Amino acid sequence: MPSGRGQYQVVSVSLPRDLVKRADALIPKTRRSRVITNMLTSFLDSISRKQFEREYVRYYTQRSDREAEEERDLLREWRLSDEEAWAILEKEELRGRRKAG
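Note that this is a predicted model, so its numbers are computed, not measured. (Residues numbered from 1 in each chain as written. Predicted model: local features only at pLDDT ≥ 70, side-chain atom pairs only at ≥ 80, totals over all residues. Heavy atoms only, no water.)

## What to know about the overall build of the chain
Along its length, the chain carries 3 helices and 0 strands. Ordering the α and β elements of the chain from the N terminus gives α-α-α. Summarising its shape, the C-alpha atoms of the chain cover approximately 60 × 45 × 35 Å along the three principal directions. Across the 101 residues that make up the chain, the buried fraction comes to 2%. As displayed, the chain offers around 10,200 Å² of accessible surface, 54% of which is attributable to carbon and sulfur atoms. Between the averaged position of the 22 positive side-chain charges in the chain and that of its 18 negative side-chain charges there is a distance of 14 Å. (Helix = DSSP H or I, 4+ residues; strand = E, 2+ residues; numbered from the N terminus. Buried < 20%, exposed > 50% of the residue type's maximum accessible area, 1.4 Å probe, protein only. Areas by Shrake-Rupley, 256 points an atom, 1.4 Å probe, with all protein chains shown as cover. Lys, Arg positive; Asp, Glu negative; His and termini not counted. Charge placed at Lys NZ, Arg CZ, Asp CG, Glu CD.)

## A closer look at the layout of surface pockets
One number sums up the size of the largest pocket: a volume of about 890 Å³. Surrounding the largest pocket, 23 residues form its lining, R32, S33, V35, I36 and T37 being those nearest its centre. Listing elements by their share of the lining of the largest pocket, those giving two or more residues are α1 (17–26) and α2 (32–62). Broken down by element, the lining of the largest pocket gets its largest block of residues, 10 residues, from α2. The residue inventory of the lining of the largest pocket, partitioned by class, reads 15 nonpolar, 4 polar and 4 charged. (1 Å grid on protein atoms, 1.4 Å probe; cavity = no way out; pocket = protein on both sides within 12 Å on 5 of 7 lines; lining within 4 Å. Points joined across faces, edges and corners; volume = space filled by probe spheres on them. Nonpolar A, V, L, I, M, F, W, Y, C, P; charged D, E, K, R; others polar.)

This is how it looks when you write it as structure tokens:
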């Protein structure tokens, strides 16, 4: 089985001394790289989500009135389909044919 070492790259980062002291006081050295990885991943994910949000805003502000109306019509149709599907599932659940969850 291949080792996980090939998936990582060692980097050197300069941080303010007081920040490092605070981290040393709170985070065990054996977990530090995991904590930094999780924080960086979370930060990068939030940037991606924000970018995605901006793209949605741009899309919705640039579409025509006709496109907006077509989308509203589709959403109305889907809402009815969703309601029908939920009603069927609830009936099956009441009959004991399907477990919830």
